[in-house]
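# Notes for the structure review
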Amino acid sequence: MKTISSMLMTQFIEALAKEMPVIAPVKNEETVSFQPWSAGMEIEWQKNSLIPPKNLFLPQVEVLYKYQVSGVNGEIEEIDADDSPRVLLGIRNCDLHSILLLDKIFLTDDYIDSAYQSRRKNTVIIVLQCSQPLSTCFCTSLGVDPRGGEGADLVLIELDQGVRGSDKMMYDPGRDFGIEARTPKGEEILKKHEDFLSDLQKKPAPLENCNLHLDERGVKEKLPKMFDHSIWADLSMRCLGCGVCTYLCPTCYCFDLQGKNVGEEGFKYRCWDSCMFSDYTMMAGGHNPRPTKRERFRNRFLHKLSYYRERYGELLCTGCGRCLAKCPVHLDITYVAEKIKEAKADVREG
Ligand code: SF4
Ligand code: SF4
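Residues numbered from 1 in each chain as written. Chains lettered and ligands numbered in written order. Predicted model: local features only at pLDDT ≥ 70, side-chain atom pairs only at ≥ 80, totals over all residues. Heavy atoms only, no water.

### Some remarks on the overall build of the chain
Note the cut-off: Labels follow the DSSP assignment, with helices taken as runs of H or I lasting at least four residues and strands as runs of E lasting at least two, numbered in each case from the N terminus. Each residue's exposure class comes from its accessible area (1.4 Å probe, protein chains only) as a fraction of the maximum for that residue type: buried when under 20%, exposed when over 50%, partly exposed otherwise. Between two residues, a contact is recorded if the distance between any of their heavy atoms is within 4.5 Å.
Helices and strands together make up the secondary structure of the chain, namely ten helices and eleven strands. Counting only C-alpha atoms, the chain reaches 75 × 65 × 40 Å along its principal axes. With 350 residues in all, the chain has 48% of them scored as buried. Across the chain, the fraction of contacts at a sequence separation of at least 24, relative to all contacts at a separation of at least 6, is 74%.

### Comments concerning the nonpolar core
Going by this rule: What we call a nonpolar core is a set of buried Ala, Val, Leu, Ile, Met, Phe, Trp, Tyr and Cys residues that are connected through their side-chain atoms within 4.5 Å. The source of the domain bounds is an automatic or database domain assignment.
If you look at the biggest cluster of nonpolar residues, it comprises 37 residues, and the most contacted ones within it are Trp232, Phe297, Leu305 and Ile340. Here this core spans two domains, and each of domain 1 (1-58 + 82-211) and domain 2 (214-253 + 275-350) adds at least three residues to it. Apart from the residues lying within four places of it in its own chain, the contact partners of Phe297 are Trp232, Leu235, Ser236, Cys239, Met276, Leu331 and Val336. Ile4, Val87, Val124 and Phe196 belong to the second-largest nonpolar core, a separate cluster that totals 26 residues.

### Looking at the site of ligand 2
Rules: Any residue with a heavy atom lying within 4 Å of a molecule or strand is counted as near it. For this scheme, ten residues count as nonpolar: Ala, Val, Leu, Ile, Met, Phe, Trp, Tyr, Cys and Pro. Four count as charged, namely Asp, Glu, Lys and Arg, and the remainder, Gly too, count as polar.
Every residue lining ligand 2 is accounted for by Phe138, Cys249, Pro250, Lys304, Cys317, Thr318, Gly319, Cys320, Gly321, Arg322 and Cys323. In the shell around ligand 2, the residues fall into six nonpolar, three polar and two charged.

### Some details on the layout of surface pockets
Test applied: Cavities and pockets are found on a 1 Å grid laid over the protein atoms alone: a cavity is a set of points where a 1.4 Å probe fits but cannot escape, a pocket is an open set with protein on both sides within 12 Å along at least five of seven lines, and a lining residue has an atom within 4 Å of such a point. Grid points are joined across faces, edges and corners, and a volume is the space filled by probe spheres set on the points.
What the largest pocket holds in volume is close to 510 Å³. What lines the largest pocket is a set of 30 residues, and nearest its centre among them are Lys47, Asn48, Ser49, Leu134 and Thr136. If you list the elements that add at least two residues to the lining of the largest pocket, you get strand E3 (31-36), helix H2 (93-106) and helix H9 (322-326). Ranked by the residues each element gives to the lining of the largest pocket, the list is headed by H9, at three residues. Here the lining of the largest pocket is built from residues that sort into 14 nonpolar, nine polar and seven charged. Two domains each put at least three residues into the lining of the largest pocket: domain 1 (1-58 + 82-211) and domain 2 (214-253 + 275-350). In this structure, the second largest pocket spans a volume of roughly 270 Å³. Lining the second largest pocket are 15 residues, and of these Leu64, Ile79, Asp113, Ser114 and Ala115 sit closest to its centre. When residues of the lining of the second largest pocket are traced back to their parent elements, those giving at least two are strand E4 (61-70) and helix H3 (114-121). The residue inventory of the lining of the second largest pocket, partitioned by class, reads seven nonpolar, two polar and six charged.

### Details of the environment of Asn261
Test applied: Here a polar contact is taken to be a pair of N or O atoms separated by no more than 3.5 Å, where protein atoms must pair a possible hydrogen donor with a possible acceptor and residues adjacent in sequence count only if both atoms sit in side chains.
For Asn261, the location among the structural elements is in strand E10 (residues 255-262). Linking Asn261 and Tyr67, residues 194 residues apart in sequence, is a C-alpha distance of 9.0 Å. Ignoring anything within four residues of it in the chain, the contact list for Asn261 reads Tyr67 and Gly266. Within the structure, Asn261 has its side chain in polar contact with the side chain of Tyr67 (distance 2.7 Å). In terms of polar contacts, Asn261 uses its side chain to reach the backbone carbonyl oxygen of Gly263, at 3.3 Å.

### Digging into the confidence of the model for the chain
How we decide: A score from 0 to 100, pLDDT tells how confident the predictor is in each residue.
This prediction gives the chain a mean pLDDT of 92; 95% of its residues lie at or above 70. This stretch, residues 163-173, has a pLDDT under 50; its non-local contacts, to residues over four places away or in other chains, come to 18 contacts.

### Points about the site of ligand 1
Within the structure, ligand 1 sits among Cys239, Leu240, Gly241, Cys242, Gly243, Val244, Cys245, Met276, Cys327, Pro328, Val329 and Leu331. For the shell around ligand 1, a count of residues per class yields ten nonpolar, two polar and no charged.

### Notes on the pairing of strand E8 (residues 154-158)
Operational definition: Two strands are counted as paired when DSSP detects at least two bridges linking them.
Burial runs high along E8: five of the five residues are buried. Residues Leu154, Leu156 and Glu158 point to one face of E8 and Val155 and Ile157 to the other, with burial holding for every one of them. Judged from the three bridges that link them, strand E7 (residues 123-128) and E8 form a sheet pairing that is parallel. Looking at the pairing, Val127 lines up with Val155 of E8. Pairing between E8 and strand E9 (residues 177-181): five bridges, direction antiparallel. Note that in E9 the partner of Glu158 across the bridge is Phe177.

### Structural notes on a negative patch on the surface
Note the threshold: The residues that make up patches have over 30% relative accessible area and no salt bridge, and they are joined within 9 Å when like-charged or within 5 Å when they are Val, Leu, Ile, Met, Phe, Trp or Tyr. Per-residue accessibility takes into account occlusion by the displayed protein chains alone, with areas from the Shrake-Rupley method and a 1.4 Å probe. When a carboxyl oxygen of Asp or Glu lies within 4 Å of a side-chain nitrogen of Lys or Arg, that pair is called a salt bridge. For the purpose of charge, His is not counted, nor are the chain termini; Lys and Arg are scored as positive and Asp and Glu as negative. To locate a charge, take atom NZ for lysine, CZ for arginine, CG for aspartate or CD for glutamate.
On the surface, Glu78, Asp80, Asp82 and Asp83 cluster together into a patch of negative charge. Residue placement: Asp80 occurs in the loop between strand E5 (73-78) and strand E6 (86-91).

### Looking at the sheet that holds E3
For clarity, the threshold we go by: The axes are straight lines fitted to the C-alpha atoms, using for helices just the contacting stretch, and the angles between their N-to-C directions are given from 0 to 180°.
Strand order in the open sheet formed by seven strands is E1-E9-E8-E7-E6-E2-E3, with mixed pairing between adjacent strands. Among the strands making up the open sheet, the edge pair consists of strand E1 (2-4) and E3. When strand polarity is set aside, the average angle formed by the axes of neighbouring strands in this sheet is 30°. Sheet strands in contact with helix H1 (residues 6-19) are E1, strand E2 (22-28), E6, E7, E8 and E9, and its direction is about 95° off that of E1.

Here it is in structure tokens:
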């Protein structure tokens, strides 16, 4: 492992930013989100962003093609996604895992979403290992290792304030990081910027355990019998249908396709949608197969706890804790899983 001292970190990022855009978690008023970094911007190293970085791969609004009609003739101009290289710096392992979950949707054998694929291919990922989970974090219950780095090109390791061996005199009391390459792309970056690195050996900062756990043992077996259970009406009663949970969730990927037509030209665009909104399943003829909050709420949690797992073998949740922090009525996934466990699953109620 190499080390970047706190004094050289900004210079290292500046050097990277001269080669390609660096997108990093920065604070705008009270909200931390991933933004293009420029000199003078302070990176939030302490806690994870409120806004997940999924928009970097699945933008909130994206034009797919433009068209022009002239009489009975028409022309379509496809819009290619921006595939210029960039660095995503400071993503946490929970959010990196969410991107691996989205890959299963957008990069399957049956269907490759070319825009998503371009952005994935052209993004160098530098993950930041966590050592201090927030009170809302439960990633370890979902099999996410806060120190992992699966899917990253480079791993930044927060270092202990102490040092080992004979390097004591070189100790820098600021925030030093270890850095390790996990892919050839990462190795290339380290080689190119070796002037910023040292061999100073420090221990990683001690890892604090998550205090919160999602214990969903038994949920998998119960859910198939609970489609018509009264629990969905009971739980969804207090849901406001605001969609905050889906917009902030790094693993939610529902989108809508909309068109805008002006005269003889127009464009088609994709935009985020939420399964918690009534319009989401509204059909052209006016029929809505999920007409009330009960059906919409049920679908969200069956998708997270059952449907995705049936297809891909894991839950559609990373334990990032954003729904715990921001659902205005505290209907988060840990609470819902507990209620499912408490419910009598063999009773079918309409
Ligand atoms: S954030 Fe809470 S209240 Fe809002 S839609 Fe989600 S579950 Fe319902
Ligand atoms: S369901 Fe909640 S805890 Fe799980 S990934 Fe989504 S926002 Fe994070």
